[in-house]
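Listed below are the residues making up each chain.
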Amino acid sequence: MDKRFVYTDNAATTPVAPEVLNKMLPYLTSEYGNPSASFYGLGQRAHAAIEEARKQVAAVMNAPFAKDVFFTGSGTEADNMALRGFMHSKTAKGKKKLITSTIEHHAILHTAQALENEGFKVVYLPVDNTGTVDLETLERAIDEDTALVSIMTANNEVGTIEPIAEIGRICHDKGAYFHTDAVQAFGHIPIDVQAMNIDMLSLSGHKINAPKGVGAIYIRSGIMLEPVITGGGQERNRRSGTENVASIVGLGEAARLKALNMEKESEYVRGLAKSLRDKILAKIPQTILTGHPENRLPGNSSFAIAAIEGETMVMDLNLNGICAATGSACSTASLDPSHVLLAIGLSHETAHGSLRVTLDVQNTPEDVDYIAEKLSEIVARRRAMSPVWKE
Ligand SMILES: Cc1ncc(COP(=O)(O)O)c(C=O)c1O
């Protein structure tokens, strides 16, 4: 097969959709008003554009009021607001305990650690070997001192979707508030903050074909978050700073398009990813699928491939024009493989052979054939040279 360029790292980021860019362009050129400048049309139109985007984002998660959506500079910032802002808020009523899971993104884990350093108590729930949080363990962990539970909607490495509606119900039955990091899930799978008892939800633009550097947080009415960024009082005092109007408009349009096409797109992407998994598992011996066998994000395929280093795989794939990811240690600053792979019970050795391929709508069946073929060639060649490989 001729060399192609195949982008399969859509969990890392996605390209900006042309429709999204078109909607944004006026706000980078002629419509440059400051949304707080309410005395003339230019400012009023920028303000109106933000409010339209707020409605679009709110609609995708069935938020009861658009005003409960607040724009941020990233998913990371939304996660920081949820954890820091809530634990320091009056709504937390002085309770000191935060419950989260061992497989969260570092935006949650490092924020939780910072809160621990301030004197809060943090419980990290384990997951089973599919990456799923156990509901009984959660139920037992919530006590009178628990202010907040934060569990991601879906995992960014292994793609497992958590039982969010059940988690929300347990939290509310036991008097705790519930935040979910939906950065990987929003726009890809249905989310309903009302039906799922979600009090706060984080999302990010660049995972749904909006630009990087814009995100949002849903905060249920009545929750009084302590602001993390103070200043001019924008975003109803929750997040000061002149709004990134063009990117917010892009996020609104991207959210609208994702919701409009979700059923069709997710069916297509799920089919592609399944075919990729079937091909790779059939072609490459001693390969396991990581994450949940069915209950996973549509585009996510993640593997542990024996006797080959993840970093070697992604570099060899790159030589063939394929962009993919690994949670192997060498690709990160630490010596340990990704905390997620260790949390689902993989040994260090197995986790070193991790590969994540995240497909999206721009990928084709030809891409799938190309990836499967190139990967099996790469693995066979590297294994032939490996002193540890045994058939
Ligand atoms: C689950 C999860 N949470 C948070 C983030 C951070 O989002 P952002 O890149 O917008 O800061 C990411 C990004 O990869 C993510 O996958």
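Residues numbered from 1 in each chain as written. Predicted model: local features only at pLDDT ≥ 70, side-chain atom pairs only at ≥ 80, totals over all residues. Heavy atoms only, no water.

1. With respect to the site of the ligand
The environment of the ligand is made up of 13 residues, and the closest members are G75, T76, D181, S204 and K207. One of the side-chain N or O atoms of D181 is found 2.6 Å from a nitrogen atom in the ligand. Contact distances for the ligand include 2.6 Å between an oxygen atom and a side-chain N or O atom of K207. With the chains in place, 87% of the 390 Å² that the ligand exposes on its own is no longer accessible. Grouping the constituent residues of the shell around the ligand by class yields two nonpolar, eight polar and three charged. (Near = heavy atom within 4 Å. Polar contact = N/O pair within 3.5 Å; in protein donor to acceptor, adjacent residues only side chain to side chain. Areas by Shrake-Rupley, 256 points an atom, 1.4 Å probe, with all protein chains shown as cover. Nonpolar A, V, L, I, M, F, W, Y, C, P; charged D, E, K, R; others polar.)

2. Re the packing of helix α3 (residues 75-87) against helix α4 (residues 106-118)
One can describe the packing of α3 onto α4 by two numbers: an axis separation of 9 Å at closest approach and a directional angle of 25°. It follows from the interaxial angle that α3 and α4 lie roughly parallel. Note that α3 runs across α4; the crossing there is right-handed. Contacts from T76, D79, N80, L83, R84 and M87 in α3 reach A107, I108, T111, A112, A114, L115 and E118 in α4. Within the contact of α3 with α4, the residues separate by chemical class into seven nonpolar, three polar and three charged. (Axes fitted to C-alpha atoms, helices over the stretch in contact; angles between N-to-C directions. Helix = DSSP H or I, 4+ residues; strand = E, 2+ residues; numbered from the N terminus. Parallel < 35°, antiparallel > 145°, perpendicular 65-115°, else oblique. Left-handed = near helix turned anticlockwise from the far one by under 90°. Contact = heavy atoms within 4.5 Å.)

3. Overview of the side chain of T111
Mapping T111 onto the fold places it in helix α4. A polar side-chain atom of T111 sits 2.5 Å from the main-chain carbonyl oxygen of A107. Among residues more than four places away in sequence, those in contact with T111 are N80, L83, R84 and H106.

4. Comments concerning the sheet that holds strand β3 (residues 97-101)
Either a parallel or an antiparallel arrangement is found when strands of a sheet pair, and the pairing is made through backbone hydrogen bonds. With mixed pairing, seven strands are arranged side by side in an open sheet as β2-β8-β7-β6-β5-β3-β4. Here the strands that pair on one side only, and so sit at the sheet edges, are β2 (69-72) and β4 (121-125). Averaged over all pairs of adjacent strands, the angle between strand axes in this sheet comes to 20°, irrespective of strand direction. In this structure, β3 lies alongside strand β5 (residues 146-150), joined through three bridges in parallel fashion. Counterpart to I99 in the pairing with β5 is V149. The sheet strands contacting helix α2 (residues 41-60) are β2 and β7 (200-204), and the helix crosses β2 at an angle near 115°. Contacts from α4 reach β3, β4, β5 and β6 (177-181) within the one sheet, and its direction differs from that of β4 by about 145°. (Pairing = 2+ DSSP bridges.)

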